Amino acid sequence: MNISYNWLKDYLDFDLTPEETSAALTSLGLETGGVEEVETIKGGLEGLVIGEVLTCVDHPDSDHLHITTVNVGEGEPLQIVCGAPNVAAGQKVVVALVGTKLYSGEESFTIKRSKIRGTESFGMICAEDEIGIGTSHAGIIVLPADAKVGMPAKEYYNIKSEYVLEVDITPNRIDGASHFGVARDLAAYLKQNNLKGTLTSPSVEKFKLDEANGGVTVKVENTEACPRYAGVTIKGVTVKESPEWLKNRLTLIGSRPINNVVDATNFVLHELGHPLHAFDVAHISGGEVIVKTLPEGTKFVTLDEVERTLNERDLMICNDKEGMCIGGVFGGLKSGVTESTTDVFLESAYFNPTWIRKTARRHGLNTDASFHFERGCDPNDTIYVLKRAALLIQELAGGKIVGPIQDVYPVEIPKPVVELSYDKVNTLVGKVIEKDTVRSILNSLEITVEKETDETLTLAVPTYRVDVLRDVDVIEDILRVYGYNNIEIGDNLKSNLSYETPTDKSYDLQNLVSEQLTGGGFSEIMNNSLTKESYYADSQLYPISNCVHLINPLSTDLSVMRQTLLYGGLESIAYNRNHQSPNTKFYEFGNCYFYNADKKTEGEILKEYNEEFHLGLWLSGNSINNSWAAVDEKSSVYQLKAYVENILNRLGIPASRYDYVQLSNEMFSTAIDIQAKGKGKSLGILGIVNKKLLKVQDINAEVYFAELNWDALMKEIKKHSITYTEISKFPAVKRDLALLLDKNILFDQVERIAFKAERKLLKGVSLFDVYEGKNLPEGKKSYAVNFVLQDDEKTLNDKQIDAIMQKIQKSLESELGAQLR
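Residues numbered from 1 in each chain as written. Predicted model: local features only at pLDDT ≥ 70, side-chain atom pairs only at ≥ 80, totals over all residues. Heavy atoms only, no water.

(A) Quick look at the overall build of the protein. Scanning the protein from terminus to terminus reveals 20 helices and 44 strands. On C-alpha atoms alone, the protein measures out to a radius of gyration of 39 Å, which is more than a quarter above the 28 Å that the 2.2 N^0.38 rule sets for 821 residues. Burial statistics for the protein: of 821 residues in total, 47% are counted as buried. For the protein, restricting intrachain contacts to residue pairs at least 6 apart in sequence, the fraction spanning at least 24 positions comes to 69%. Working note: accessible area of the protein is about 42500 Å², and carbon and sulfur atoms make up 49% of it. Taking the 86 positively charged and 117 negatively charged side chains of the protein as two groups, their mean positions are separated by 7 Å. (Helix = DSSP H or I, 4+ residues; strand = E, 2+ residues; numbered from the N terminus. Rg over C-alpha atoms; globule rule 2.2 N^0.38 Å. Buried < 20%, exposed > 50% of the residue type's maximum accessible area, 1.4 Å probe, protein only. Contact = heavy atoms within 4.5 Å. Areas by Shrake-Rupley, 256 points an atom, 1.4 Å probe, with all protein chains shown as cover. Lys, Arg positive; Asp, Glu negative; His and termini not counted. Charge placed at Lys NZ, Arg CZ, Asp CG, Glu CD.)

(B) Up close: the pairing of strand E16 (residues 228–235). Counting buried positions over the eight residues of E16 gives seven, a clear majority of the element. Of the strand pairs in this sheet, E16 and strand E24 (residues 343–350) are connected by eight bridges, and their pairing is antiparallel. The partner of Val232 across the bridge, within E24, is Leu346. Sheet analysis places E16 next to strand E25 (residues 400–408), joined by six bridges and oriented antiparallel. In the sheet register, Ala230 faces E25, and the bridge partner there is Asp407. (Pairing = 2+ DSSP bridges.)

(C) Expanded view of the sheet that holds strand E3 (residues 32–38). Spatially, the three strands line up as an open sheet ordered E1-E13-E3, and their pairing is antiparallel. With one partner strand each, in any of the chains shown, strand E1 (2–4) and E3 form the two edges of the open sheet. Averaged over neighbouring strand pairs, the angle between their axes works out to 25 degrees when direction is ignored. Across six bridges, the pairing between E3 and strand E13 (residues 162–167) is antiparallel. Note on E13: the bridge partner recorded for Val35 is Leu165. (Axes fitted to C-alpha atoms, helices over the stretch in contact; angles between N-to-C directions.)

(D) Here's a closer look at a negative patch on the surface. Taken together, Glu19, Glu20, Glu37 and Glu39 make up a surface patch of like negative charges. Residue position: Glu37 is located in strand E3. (Patch = residues over 30% accessible without salt bridge, like charges linked within 9 Å, V, L, I, M, F, W, Y side chains within 5 Å. Salt bridge = Lys/Arg side-chain N within 4 Å of Asp/Glu carboxyl O.)

(E) Region of interest: unusual backbone geometry. The amide bond that connects Gly403 to the next residue, Pro404, takes the cis arrangement and shows omega of -5 degrees. We note that Gln580 has phi near 65 degrees; this positive angle belongs to a residue other than glycine. Following the sequence through the fold, Gln580 ends up in the loop between helix H15 (566–578) and strand E33 (584–595). Phi is positive for Asp698, close to 60 degrees, though the residue is something other than glycine. Structurally, Asp698 can be placed in the loop between helix H17 (691–696) and strand E40 (703–709). In this structure Asp698 comes out as exposed when scored by relative accessible area, which is 63%.

(F) Quick peek at empty space enclosed by the protein. Counted according to the given criterion, the structure contains one cavity of 30 Å³ or more. Taken as a whole, the largest cavity encloses approximately 50 Å³ of empty space. Taken together, Asp175, Arg184, Asp185, Ser444, Leu445, Tyr464 and Arg465 make up the full set of residues lining the largest cavity. (1 Å grid on protein atoms, 1.4 Å probe; cavity = no way out; pocket = protein on both sides within 12 Å on 5 of 7 lines; lining within 4 Å. Points joined across faces, edges and corners; volume = space filled by probe spheres on them.)

This is the structure we're talking about:
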């Protein structure tokens, strides 16, 4: 949100510079992202001075030019050729000296010494539009006779630098989303720090009804959605362009000027933080505003000329025939104020934040009004804001304020009452703050003390502070005004005994695996847990019925919680490929979410929902690229498998504790399921991503993906302990077998059968060659397998080695039908 520094000073008399103001607001919790200096007139009138025309004669070679001599306050008078019809001797004028840069829109030109019709000219006498202070080009500017010669024009016109503070408003601090709201907070800071700062609120003392009766009446049918609705009628207004000061103020903070009536409501919104709306009385048929909902499916055209279909819980501001405005969100096309409007009904209301938020999300609207109303405006400043806006409209557009003021407020919303203990303040803050200081801060925050004892305070909190409902909220307010930097770090260290929890262990292992993957060339990514419903529309593995749907999604692209990490990673790969980075190695830790209607239980709201923590890995493109030491090499599913096995080994899950089971589903063209041995429980899945999924993301390269269920892995290693053994002093022995196998046999099966046959002395099994093709029977392939044998207590002899190899060979022959080549 943009805050004008000079506008802020209209309500608070203070001496801080813009940079000091930014620092003060940040310390108060209204973090200021930056301070921008803005020129109210482009160029700031630099190089322009006040001059006096001493002589003025006609140019001998022109029928419209004049040769003048002008006193600019220093040096000899300047000869300037001027073509303005109204130039004359004795005038005080604005002169652009040689070297001055003048602007015309985005273009600029520099005043130079020149010859005009043979006569030298040393400057330029300016018109309004040439220096940006007006639009007239009928003649030069003629100043009053008392204008001081030689004075810089920027001083004469009182051109000040304007500064805009970019204040980041958190959702709970809507009270600071206006100039007066920021001034109010800053005043508390200044008071606490004994600095100058007098706060003055806009006055409405001059408000009066010009006519007691004859205004539009109001009826509220839905008081849940609209607890308070007020309004007043202004007749005989003249709708036109706003004055320069108002247009400049709105433009400076990024609000587009429209007309004087609408601009007045927008000005008050940014001034006091309470949205208003102006209706053309000519479109309020029946002379009555009715606040109600309309039937489901009713069509309504908003100001942006979009026809919208209303929900039965969209609050509407209606006349006796139809809707005129979506209450608190967006105006209608027909009822807005235009240049033909003569009578205006001004609305000032308090709407239920929940109703406004849901309506805005349903229709995909995010307006200034909905921004404020959905976070909570002050229900008790409605009439004050109404009077302020009515006076401003009357000042800008004329007209008569016609009564009576309409104010439907059936149940007054009281100030929240909070019990505050001095001891709790000191405990949470970590320092003893004097009671007088606490009371002073509360007073500066307009929090009144209703009752007081030696130990406690009973406080009434202003209704504009929607975030202050508990004692801890009040303590937070006290602390931010007192100053976080004023809380000293003590000399004593307070500690307590703790032990490692499963969560701690999981977190440590996440860091360990992250370091391992990063060291292997992977980049960590973080994708949104919210994703597209369309990803699961035709899925059998992750059916759409198992998706956790959002009730009020921000968009269709963020309408469900993800069931798998796959799609977020594919989006990241597509983005990188589109930005000339085709070789990717990604990993992500993240939650996945599931809904199971069968588990729904009365009284247990979350029973049917499940959340799992997963680890995803993606490979695509080349694993070796543009290296002088090696030729380019594409990534492969086998590399991915190696990375997964390294992770499992690092977690303490060796190959002997899991099995690979081939599977087929719509996500993968080829895949294997990693299952805990003897349990059938899936620990993860890896494979080659189906080309249909890649086509959706416009990825024209293979993508290899693995997804590990981190929660299941943590359960698998729950009782895992680390033991250490001495490195064997005796040599290892290697033997090779060339095996003829059926094509559907996996190396994993060979490895497991070998370890099953010899558990003690077999230390390793590796595959170093695969052959399929000529000279082999149909449906067969050849594996060249290396076996490593070692005894930790003695050297193996040939007899032992041959016996072990024969045992392994027989097991392979009997279980897999293997043959030696």
